[in-house]
Each structure stands twice: as structure tokens, then as C-alpha cells.
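Results of the structural survey
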Amino acid sequence: MKRDIDKLYSISKKKTRRIIGLMSGTSLDGLDIAVCSITGSGSETKLVLEKFKTFLYETDIKNEIRGIFSRKDADLEKVCLLNEWIAVKHAKMINESLTEWKIAAEEIDIIASHGQTIYHAPKHQHHNKKFGNATLQIGDGDHIAVNTGIITISDFRQKHIAGGGEGAPLAAYGDRILFSDPEKDTLLLNIGGIANFTFLPAKISSQKMFSTDVGPGNTLMDAWMQRNFPGSSFDKDAEVALQGTVHQELLEALLNNPFFLLDFPKTTGPELFNLSYLENAMNTLPEKNIPAADVMATLNVFTATVIVNSIKKIQQEGTSLDILISGGGIHNPLLLRYLKKNSEPALLRSTAEKNIDPDAKEAILFALLANECVAGNNDTFKDLFPNVSMGKISFPT
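Let us look at the structure shown here.

Cut-offs applied
- Residues numbered from 1 in each chain as written.
- Predicted model: local features only at pLDDT ≥ 70, side-chain atom pairs only at ≥ 80, totals over all residues.
- Heavy atoms only, no water.
- Helix = DSSP H or I, 4+ residues; strand = E, 2+ residues; numbered from the N terminus.
- Rg over C-alpha atoms; globule rule 2.2 N^0.38 Å.
- Buried < 20%, exposed > 50% of the residue type's maximum accessible area, 1.4 Å probe, protein only.
- Core = buried A, V, L, I, M, F, W, Y, C linked by side-chain atoms within 4.5 Å.
- Polar contact = N/O pair within 3.5 Å; in protein donor to acceptor, adjacent residues only side chain to side chain.
- Contact = heavy atoms within 4.5 Å.
- Pairing = 2+ DSSP bridges.
- Axes fitted to C-alpha atoms, helices over the stretch in contact; angles between N-to-C directions.
- Parallel < 35°, antiparallel > 145°, perpendicular 65-115°, else oblique.
- Nonpolar A, V, L, I, M, F, W, Y, C, P; charged D, E, K, R; others polar.
- Phe/Tyr/Trp six-rings, centres within 6.5 Å; stacked < 30°, edge-to-face > 60°.
- Lys NZ or Arg CZ within 6 Å of the ring centre and 35° of its normal.

1. Here we look at the overall build of the protein chain
Helix and strand content of the protein chain: 14 helices and twelve strands. At 21 Å, the protein chain has a C-alpha radius of gyration in line with the 21 Å of a compact globule built from 397 residues. Its C-alpha atoms put the protein chain at 70 × 50 × 45 Å along the principal axes. Taken across its 397 residues, the protein chain has 55% of its residues classed as buried.

Shown next, in the form of C-alpha cells:
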């Protein structure tokens, strides 16, 4: 143990650390693997993305996760088994990627593993007065460390909850480091399974800077495609949505939920925004046989409307707002067209224009959290709540 602690101490003192950030979101596309070179910490952090790929999940992995994902009736034995199984799968993906990139494991200082979320239960959603906020990610850090030979930091969200947060979103910490602009207000919009954003005012203050979920991103659209178009995980290039017509009554029913009235910051997940949510909305309508393409078109506009409504809540008249987008939703042309048209006069563009790959951004953010865990001192986040260092450390020996 002392040898491992000495090594960790040595890593913390390095000028530049090589950290692999891992992210697997609720869309279950695969594991994002980002090799980052990170110099310094806190406000002095400099990051270079060296390598990035999404290691696509095989059908078997997707099916196993879907069997327990966001389900109150999940098999506890399967949860236990997958906690180890997913970690070993992730370790194998890391090892294969390092081999492909001709990078030795000894050249990597830290792995930052988000894990695979299987349930997210903020208090405002479960309504059980006896319990607080909770979330659970599987893919045990010890198994990743042992199977790669690399110190692994994982389970980031628990410390956020312990410090008084809801466990999500965590993007504000990394967004603050990478994207703060003293000249203009910046909004970092990430459209993954759930849509969320970080708002960074030109002059940072604890009263104004925050990160929040806003509602569904791709999760409902993906679920509808998987049910109605076998073999399709998502609506590629919005092909199905473009064939449909928005059903206005269904859109209004989807928008009728107390979550949208909650103040920022707030958090949610597929536990709320799932096919049951859609079915409940459809059951309120006199028309029962809405064409699948019309439903898809409506879900696309639903996601966009929720995002635009949230942006308008903080968009101040007469001020310039720079909106930088990341996540899988950036590849949906219909969604982006609506966002650009209805977010004016805000300037909407990809994080790529700030030299951050929009597909790699979330994996990068967890690499930054790991860097702060081993080398930071929290000063950068002193006006963020909760002001905590996140992640549990697993040694390979």
C-alpha cells in the first residue's frame, strides 16, 4: 500500500499528468475513451486531447445493461454481477485502445472512470421523505485498476451528494476550468440522453454560475426508435423525424410536467423521461393511433423546446450569450436547426471551435475531476456548491 501511495503522491507533484477519461452515458452507445495531457490544476489547468475514440458496445452489453437500467424491479443479483462484468469489459476496451495507439500502460498516470449509471434518484423525483438524493453507477474501479495496472479514480457522483448536491450534473467543475470567458456570458449545452447546461457569466459569481439538467435529450427519441424501428438505436440524421409532422396536442401533453417548473439547478434522468412518460402523455389524447414518424417529429421538437425554454429563462436582453454544444445531439440536424432558429440572438456553435471535441467533452470533464482529486486544492471551486474533491481511488495492487 505504501508503494501505491508513494506513486500517487509522485503523480500529484508532476507538472503534467496523462489521464484517461471514461464516459458511458444513458444512450448506451459505448465507452468514450479520452487520453488527456493535463498540466497544472485549478484555474491554471491546460489540457490537450491526445487520443479519443468511442468503443462501441456490442449488442450483448447493451441488452445486459438495459435489463437493469432505470428499473425499480431490477434483479439485485444481476446488478452485483454487472458491477464487476462491466468494469472488466471497460478495462479490456482500455487495454485494446492503448495497444492500438501504441501507448504503454506505464505511460498513463490515472484512469478517471464515470461508470455506467443504472439509476438516478434525486429527492424531488422519488418523494420519499425518509431518504435523500441518490445515484448508482456500476463498473467497479478496483476491477479496472487491477485489469489495466493503472490507478483508477471512480464513483465521482457520491461525494457531490455527500456535500449536499444531487449527484448531477457535474459539468460545472470542468466547464469552469475550460470555458470561462471574462468578456461574455457562456452557456455549455450538452445533449446526451439527458440535456443539461452550465451557465458561466462573464463575471463569475456564486449567485449566477450553475449547472443544471433541463429535461430529455436523446433518451425519448432513442427509446421510440428502438421500439418501433428494430435494428435502429437512434434516428440517424433525423431521417424519421423529417418524414413526420409535429403533433401539437401531444407536444403540449409532453410539456405538462412539474419538473419544468422547478428552479435551476435541478437534475433528472430516464427514470422520469422514458417510454412510460410518452405513453402517459399519449393516453390523455382522443387520437390513439399517431403515426410513428409523427411521434418522432414531436419528440424532436419536445427536446428542442425544453432546451430553448430553459435558455430563455437565463438569457438577459441586451447581453451577448455564447452557446457551445456537445454530446450526441449535436449530430441531429433537425434538432440543431430548431435550436439555432429559436435561440437567437445567441450564437450557437460546437465546442470544437474551442478545441474541445464535442463527442469527447464528457470524458474530458471526468479526466479534469480526477486531476483535481490528485493535484487540486479546491480553490478554483470555492464559489461552487458543493465545493468538494470527487472520486474514490483504487490501486492496481
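That covers the picture; the talk isn't over yet.
2. With respect to the nonpolar core
Leu189, Leu250, Leu278, Phe302, Ile323 and Leu339 are the most contacted members of the largest nonpolar core, which totals 52 residues. At twelve residues, helix H12 (residues 292-314) tops the list of elements feeding residues into this core. Of all hydrophobic cores here, the second largest spans 39 residues; its members include Met209, Leu324, Ile356 and Val388.

3. Looking at the side chain of Ser113
Within the secondary structure, Ser113 sits in strand E4 (residues 110-121). Within the structure, Ser113 has its side chain in polar contact with the backbone nitrogen of Gly115 (distance 3.4 Å). Ignoring anything within four residues of it in the chain, the contact list for Ser113 reads Leu22, Gly139, Ile144, Thr152, Ile153, Ser154, Asp155 and Phe156.

4. Side note on the pairing of strand E8 (residues 194-200)
Look at any regular strand and the pattern is simple: side chains alternate between the two faces of the sheet. Counted residue by residue, E8 has seven buried out of seven residues, so it is predominantly covered. Both faces of E8 are covered, namely the face carrying Ile194, Asn196, Thr198 and Leu200 and the face carrying Ala195, Phe197 and Phe199. In this sheet, E8 lies alongside strand E7 (residues 185-191) in antiparallel orientation, the contact comprising six bridges. Pairing of Thr186 across the sheet is with Leu200, part of E8. In terms of strand pairing, E8 meets strand E9 (residues 210-216) through six bridges, oriented antiparallel. Pairing of Ile194 across the sheet is with Pro216, part of E9.

5. Remarks on the packing of helix H7 (residues 171-179) against helix H14 (residues 361-375)
The relative placement of two packed helices is expressed as an angle between their axes plus a distance between the axes. Remark: H7 packs on H14, axes separated minimally by 9 Å, with the N-to-C direction vectors making an angle of 90°. Our classification of the angle between H7 and H14 gives roughly perpendicular. Residues Ala171, Tyr173, Gly174, Asp175, Ile177, Leu178 and Phe179 of H7 form the contact with H14, whose participating residues are Lys361, Ile364, Leu365, Leu368, Leu369 and Glu372. Tallied by class, the residues present in the contact of H7 with H14 amount to nine nonpolar, one polar and three charged.

6. Thoughts on the side chain of Arg349
Here Arg349 shows up in strand E11 (residues 347-350). Look at Arg349 and you get buried, because its relative accessible area is 16%. Among the polar contacts made by the side chain of Arg349, one reaches the side chain of Glu353 at a distance of 3.0 Å. Look past the residues within four positions of Arg349 in its chain and what remains in contact with it is Lys184, Asp322, Ile323, Leu324, Ile325 and Lys354.

7. Observations regarding the packing of aromatic side chains
Taken as a whole, this structure holds eleven aromatic pairs when the rule is applied. Measuring from centroid to centroid gives 5.7 Å for Phe197 and Phe264, while their planes differ by 75°, and the two rings are edge-to-face. Residue Phe197 is located in strand E8, and its partner Phe264 is located in the loop between helix H10 (248-254) and helix H11 (275-283); the two are separated by 67 residues in the primary sequence. Site record: aromatic cluster; members linked through ring pairs are Phe259, Phe260, Phe273, Tyr277 and Phe302. One residue, Lys266, lies across the ring of Phe259, its end atom 4.4 Å from the ring centre.

8. Section: the environment of Thr152
By the element assignment, Thr152 lies in strand E6 (residues 152-154). Looking at Thr152, the relative accessible area reads 0%, which means it is buried. In sequence terms Thr152 and Glu239 are 87 residues apart; their C-alpha atoms lie 40 Å from each other. In contact with Thr152, other than residues within four places in its own chain, are Ile111, Ser113, Gly141, Ile144, Ala145, Lys392, Ile393 and Ser394. Reaching out from Thr152, the side chain makes a polar contact with the backbone nitrogen of Ala145 at a distance of 3.5 Å.

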